[in-house]
Amino acid sequence: MESKKEQEHILKCRLIIEDKLGWGSSSSWHSEVFTELSETIQQETKVLLSPTTLKRVWGKVKYTSSPSISTLNTLSQFIGFENWRAFKNSQKQSVKKPMVNMSVVFTLAAGLALLFITLFSTVSPKEHTLTAKDISKITFSSRTVSNDMPNSVIFDFDISSIKSDSVYIQQYWDVSKTIKINPKQKQATGIYYFPGYFRAKLVIDGTIIKEHDLFIKSNGWSASIDYKPIPKYIPSENFVNNGLLLNPDLISEIQLSKTPIVSSFHFIEDMGNVSADDFTLEATLKHTYSEKWAICKTTQIYIIGTKGAIILPLTIPGCISNINVMLNDVYFNGKEQDLSAFGADLSSFKNIKINVREKQLNLSVEDKKIFSGAYTKTMGKLVGIRYKFLGAGQIKHTKISDNNGNVIINDNFLNE
């Protein structure tokens, strides 16, 4: 009985989340939507729930166990409750009088949800999507309007041959770049505040119909203070000076902030045919501001490929509960797993080495291997690295080479 009631609460929580998002019924959600949901929840709650975890909650992946309490707490916080217990208590209060009728409603809703899930998993998408002839008439392309940041992109398309009220342009990873399209439109625009490698997708009725790559380069090293929603871009003379380091005026600006601020250094460029599944990154860096909200000295290293990304955090040992690790399609949640290996104090310069060989990653700090992990989906070609510091940090040296020993970049910033 308790298990059934718990499932009713989970179903209700899902429905509230779907209503909040306004992305349509989850019966038509595909894999990319759960990636966007993961990012959206993390932005609001600061907790990463992997797309796989969310698919389990929504019944898209078979899983016999109930969601963990930390997962349910995060979902509850996303819709405005302190935790899962508070959400369940609110439901008890709201159904206090019409207990019998609401039970029927929940049972019916659960049955309909099961029916939708069954149909979604057993009916081929081709049965309710476009024919090859229809798709051949659709065009979809894009072009940037600038070489600087921010950068707007114009999407050109022709979808006049189809009839659908569910047409979107989606960007991998970034839910803010999901654009709803009117079938009568011929163009749409999106703005990008950070350099990166994106795959633009034209999605009709939940199915990716057309896609192409969108490469927004950093033009060498660039830096930003990541205010939201619009970051502050730093001229090179204010950060390339005896190392990649923000000048004293910018550090003072960060110190005055009452809320956490991240500063970033970006290198997003064409590196040739270097595989993001087989390379070595060596870097020497340190964290330079650790007062107030930056006490954890958290630093994140992003490895960016044409088909995915790796995110490796380092923080003081006492803050490892707040971090998450991403190896492309594999996720590690600091709330649910022991990530104490990533506890490293970067108050002084530390040598970091990341070696990836055939999707197997090894991370070393000061020549000591602290973590090893693997992923399954290819990252594609290597196109960039990004260093993100809670507060501020400094980079002394960065070197990238392929596993044949060919040096791709070798930047020594600090004149000693």
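Residues take numbers from 1 onward in each chain, read along the sequence in its written order. In view of the model being predicted, local features appear only for residues whose pLDDT reaches at least 70, and side-chain atom pairs are presented and counted only at 80 or more, with totals across whole chains, interfaces and linings using the full set of residues. Computation of side-chain values covers all heavy atoms of the structure but excludes hydrogens and water.

1. A closer look at the pattern of salt bridges
Part 1 of the argument: Any carboxyl oxygen of Asp or Glu within 4 Å of a side-chain nitrogen of Lys or Arg constitutes a salt bridge here. Under the criterion given, the structure shown has 10 salt bridges.
Part 2 of the argument: A salt bridge links E8 to K5, with the nearest nitrogen and oxygen atoms 3.2 Å apart. Of the two residues, E8 and K5 both sit in helix α1 (residues 2–21), three residues apart, roughly one turn of that helix.
Part 3 of the argument: Buried residues are those whose accessible area, probed at 1.4 Å on protein chains only, stays under 20% of the maximum for their type, while exposed residues exceed 50% and partly exposed ones sit between those limits. Classification of K5 as partly exposed rests on a relative accessible area of 33%.
Part 4 of the argument: Among the salt bridges present, the one from D345 reaches K297, with a minimum N-O distance of 3.2 Å. In this pair, D345 sits in the loop between β16 (330–333) and β17 (350–357) while K297 sits in the loop between β12 (278–289) and β13 (299–305), placing the two residues 48 residues apart along the sequence.
Part 5 of the argument: Taking relative accessible area as the criterion, D345 reaches 34% and is therefore assigned partly exposed.
Part 6 of the argument: Overall, the relative accessible area of 14% leaves K297 in the buried class. Put simply, DSSP marks the helices as runs of H or I at least four residues long and the strands as runs of E at least two long, and each gets a number from the N terminus on.

2. A closer look at the pairing of strand β8 (residues 221–225)
Part 1 of the argument: Where burial is concerned, most of β8 is hidden: five out of the five residues are buried.
Part 2 of the argument: Side chains W221, A223 and I225 project from β8 onto one buried face, and the interleaved S222 and S224 project onto a second face that is buried too.
Part 3 of the argument: Sheet topology places β8 next to strand β11 (residues 262–268); five bridges connect them, and they run antiparallel. Within the sheet, the bridge partner assigned to A223 lies in β11 and is F265.
Part 4 of the argument: Inspection of the sheet shows β8 paired to strand β9 (residues 232–234) by three bridges, in the antiparallel sense. Residue pairing in the sheet places A223 in a bridge with I234 of β9.
Part 5 of the argument: In this description, strands pair whenever DSSP reports at least two bridges between them. A loop of six residues connects β8 with β9, the two strands running antiparallel in sequence.

3. Some details on the pairing of β16
Part 1 of the argument: By the bridge criterion, four bridges tie strand β15 (residues 324–327) to β16 in an arrangement that is antiparallel. Pairing of L327 across the sheet is with V330, part of β16.
Part 2 of the argument: In this structure, the hairpin formed by β15 and β16 is closed by a connection of two residues, where N328 is found at a positive phi of approximately 55°.

4. Structural notes on the sheet that holds strand β1 (residues 139–144)
Adjacent strands of a sheet pair through backbone hydrogen bonds, lying either parallel or antiparallel.
Part 1 of the argument: Taken in spatial order, the three strands make up an open sheet running β1-β2-β5, and their pairing is antiparallel. Edge positions in the open sheet fall to β1 and β5 (187–192), since each of these has one partner strand only. When strand polarity is set aside, the average angle formed by the axes of neighbouring strands in this sheet is 20°.
Part 2 of the argument: Pairing geometry for strand β2 (residues 151–158) and β5, over six bridges, is antiparallel. Axis angles are defined between N-to-C directions and span 0 to 180 degrees, where every axis is a line fitted to C-alpha atoms and, for a helix, only to the segment in contact.

5. Examining the environment of S142
Part 1 of the argument: In this fold, S142 is placed in strand β1.
Part 2 of the argument: For S142, a relative accessible area of 21% translates into the label partly exposed.
Part 3 of the argument: Along the backbone, S142 and A188 are 46 residues apart, and their C-alpha atoms lie at a distance of 9.4 Å.
Part 4 of the argument: In terms of polar contacts, S142 uses its side chain to reach the side chain of H212, at 2.7 Å. We call two N or O atoms a polar contact when they sit within 3.5 Å, provided that within protein one can donate a hydrogen and the other can accept it, with sequence-adjacent residues counted only if both atoms are side-chain atoms.

6. Overview of the environment of M271
Part 1 of the argument: When you line up the elements, M271 lands in the loop between β11 and β12.
Part 2 of the argument: Taking the C-alpha atoms as reference points, M271 and V383, separated by 112 residues in sequence, lie 5.9 Å from one another.
Part 3 of the argument: What makes two residues a contact is simply this: any of their non-hydrogen atoms within 4.5 Å. Residues within four places of M271 in sequence aside, it is in contact with L382, V383, G384, I400 and I408.

7. Some thoughts on the confidence of the model for the protein chain
Atom-level detail of predicted coordinates should not be read off regions where pLDDT is low.
Part 1 of the argument: Predicted confidence across the protein chain gives a mean pLDDT of 84, with 87% of residues reaching 70 or more.
Part 2 of the argument: Considering only residues more than four positions removed or in separate chains, one finds that residues 95–110, a stretch of pLDDT under 50, has seven contacts. Within a predicted model, pLDDT stands for the predictor's per-residue confidence, ranging from 0 to 100.

8. Focus: the side chain of H9
Part 1 of the argument: Positionally, H9 belongs in helix α1.
Part 2 of the argument: Leave out the neighbours within four places in its chain, and H9 touches W84, F87, K88 and Q91.

9. What about unusual backbone geometry?
Part 1 of the argument: Cis geometry is adopted by the peptide bond preceding P150, which originates at M149 and carries an omega value of 0°.
Part 2 of the argument: Tracing the backbone shows P150 in the loop between β1 and β2.
Part 3 of the argument: Look at the link from K228 to P229: it is a cis peptide, with omega at 5°.
Part 4 of the argument: Along the chain, the position of P229 falls in the loop between β8 and β9.
Part 5 of the argument: The phi dihedral of N328 falls on the positive side, at around 55°, and the residue is not glycine.
Part 6 of the argument: Here N328 lies in the loop between β15 and β16.
Part 7 of the argument: Phi is positive for E366, close to 55°, though the residue is something other than glycine.
Part 8 of the argument: The topology assignment puts E366 in the loop between β18 (360–365) and β19 (368–374).
Part 9 of the argument: In this structure E366 comes out as partly exposed when scored by relative accessible area, which is 40%.

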